[in-house]
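Residue-level structural notes
Okay, here's what each chain looks like letter by letter:
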2 protein chains.
Amino acid sequence: MQEKIAQRKADLFKAISHPTRIRILDLLSDGEHCVCDIFEGLNVEQANTSQHLSVMKKQGILQSRKEGLRVIYSIKNPEVIEMLELANQILKKEADEAMSTFAGVAEK
Amino acid sequence: MQEKIAQRKADLFKAISHPTRIRILDLLSDGEHCVCDIFEGLNVEQANTSQHLSVMKKQGILQSRKEGLRVIYSIKNPEVIEMLELANQILKKEADEAMSTFAGVAEK
DNA sequence: GCTTTCCATCAAAAAAAATTGATATGATGG
DNA sequence: CCATCATATCAATTTTTTTTGATGGAAAGC
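For the structure given in this document, a descriptive report is provided here. The model shown is predicted, which means the values in this text are computed figures rather than measured ones.

1. Concerning the environment of Ser64 of chain B
All names here are of chain B. Considering the arrangement of structural elements, one finds Ser64 in strand E2 (residues 62-67). When near neighbours in sequence (up to four residues on either side) are disregarded, Ser64 contacts Lys57, Val71, Ile72 and Tyr73. A distance of 2.7 Å separates the side chain of Ser64 from the side chain of Lys57, its partner in a polar contact.

This is the structure in structure tokens:
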């Protein structure tokens, strides 16, 4: 793989790699929301929320449109949701493993 | 979503979010390799490679085994490969859009 | 037991990202 | 025009990551 592409791909992943941004994506995964909904819903500073949104928009993860005073954000690429689901699967598998390890110990 | 889970998920994404680590995953996507192959193949310092590998191993993305003097790394969860493929799709779509925008301009 | 090879770890420096509070912008209503 | 509401931007600070060079440890061959 070329270094340039690896960099671009890393930027994409990086734009997702923050707990607040993950929660924003989770909130947006069932439809668009205005900024006010987002920062109030997640209990994050407005300025901070705005910056997280802009990071994701810059990387093409989100899109936005104006509606009066408000700005409505939504997920641009559904692939992002699939990526989050895959992450879920990994964590689930991990939890299962931890569980069976525990069971194994209990058996001894 | 709980804050704890969002944090864990962010850590997982973060462990992928580096150009060198993306290239390592790409190299490992078709099978296991020893550290020496990796850092020589990617032309990265040995110490640096080792640290990137440990970041990914810590997050459960990679696993390793010893074989004589060598340490052989491999991808632990195939979901990671799927995540990279989804990222590819997003970048591809983006490139297509840029292309058609360019074509649109040329038409005018 | 030495030496060499392969890899991990450490600590310091450098670079990048996140948070915060203050301020700016821009649409809307009066 | 003025005030207000929703959001964005900015600059300073703090925190986190990354890189680098040096060193340490463990397996293998001699």
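That shown, we press on.
2. Here's the deal with the protein's contact with DNA strand C
Within the structure, DNA strand C sits among 22 residues, and Gln51 and His52 of chain A together with Cys36, Ser50 and Tyr73 of chain B are positioned closest to it. Close to the protein, within 4 Å, the atoms of DNA strand C belong to sugar or phosphate groups at a rate of 57%. Take His52 of chain A: an N or O atom from its side chain is 2.9 Å from a phosphate oxygen of DNA strand C. Gln46 of chain B places a side-chain nitrogen or oxygen 3.0 Å from a base nitrogen of DNA strand C. Of all the secondary-structure elements, those providing two or more residues to the surface near DNA strand C are helix H4 (46-58) of chain A together with helix H3 (35-42), helix H4 (46-58) and strand E3 (70-75) of chain B. Residues that form the surface near DNA strand C fall into these classes: nine nonpolar, eight polar and five charged.

3. Examining the protein's contact with DNA strand D
As a matter of local geometry, DNA strand D sits amid 21 residues, with Cys36, Gln46, Ser50 and Tyr73 of chain A together with His52 of chain B nearest to it. When the atoms of DNA strand D within 4 Å of the protein are sorted by group, sugar and phosphate make up 58%. Gln51 of chain A is positioned such that a nitrogen or oxygen atom in its side chain is 3.2 Å from a base nitrogen of DNA strand D. A distance of 3.3 Å separates a phosphate oxygen of DNA strand D from a polar side-chain atom of Arg21 of chain B. When contributions to the surface near DNA strand D are tallied by element, the ones reaching two or more residues are helix H3 (35-42), H4 and strand E3 (70-75) of chain A together with H4 of chain B.

4. Observations regarding the relation of the copies chain A and chain B
Note on the chain copies: they are related by a rotation about an axis and a translation along it. For the pair chain A and chain B, the relating rotation is 180°, the translation along its axis is 0.0 Å, and the fit reaches an RMSD of 0.0 Å. The transformation just described matches what one would write down for a two-fold rotation axis. Relative to the rotation axis, the closest C-alpha in chain A is found at Met83 of chain A, a distance of 2.7 Å. Here 100% of the contact residues of chain A are again contact residues in chain B; the copies associate through an equivalent surface.

5. Details of H4 of chain B
Residue and element names in this part refer to chain B. The terminal C-alpha atoms of H4 lie 18 Å apart, and with 13 residues this matches the ideal 18 Å at 1.5 Å per residue to within 8%. Looking at the packing, one finds that the buried side of H4 touches helix H2 (19-28), H3, E2 and E3. Just downstream of H4, Gly60 is the residue with a positive phi angle, here 75°.

6. Some words on the pattern of salt bridges
Scanning all chains against the criterion turns up 12 salt bridges over all chains. One salt bridge connects Arg8 of chain A with Glu94 of chain B, and the closest N-O pair in it is separated by 2.7 Å. Within this pair, whereas Arg8 of chain A is found in helix H1 (residues 3-14), its partner Glu94 of chain B is found in helix H5 (residues 79-107), the two belonging to separate chains. Since its relative accessible area comes to 31%, Glu94 of chain B is described here as partly exposed. Overlapping salt bridges bring together Glu32, Arg65 and Glu67 of chain A as one network.

7. Overview of the interface of chain A and chain B
Counting residues at the interface gives 35 residues for chain A and 35 residues for chain B. Here chain A packs against chain B, burying approximately 3400 Å² in sum over the two surfaces, 67% of which is carbon and sulfur. Our count for the chain A to chain B interface comes out at eight salt bridges. Counting across the interface, chain A meets chain B through 15 residue pairs in polar contact (both at pLDDT 80 or more).

Analysis parameters
- Residues numbered from 1 in each chain as written.
- Chains lettered and ligands numbered in written order.
- Predicted model: local features only at pLDDT ≥ 70, side-chain atom pairs only at ≥ 80, totals over all residues.
- Heavy atoms only, no water.
- Helix = DSSP H or I, 4+ residues; strand = E, 2+ residues; numbered from the N terminus.
- Contact = heavy atoms within 4.5 Å.
- Polar contact = N/O pair within 3.5 Å; in protein donor to acceptor, adjacent residues only side chain to side chain.
- Near = heavy atom within 4 Å.
- Nonpolar A, V, L, I, M, F, W, Y, C, P; charged D, E, K, R; others polar.
- Least-squares fit on C-alpha atoms with pLDDT ≥ 70 in both.
- Expected span 1.5 Å × (residues − 1).
- Salt bridge = Lys/Arg side-chain N within 4 Å of Asp/Glu carboxyl O.
- Buried < 20%, exposed > 50% of the residue type's maximum accessible area, 1.4 Å probe, protein only.
- Buried area = accessible area lost by both parts, 1.4 Å probe.

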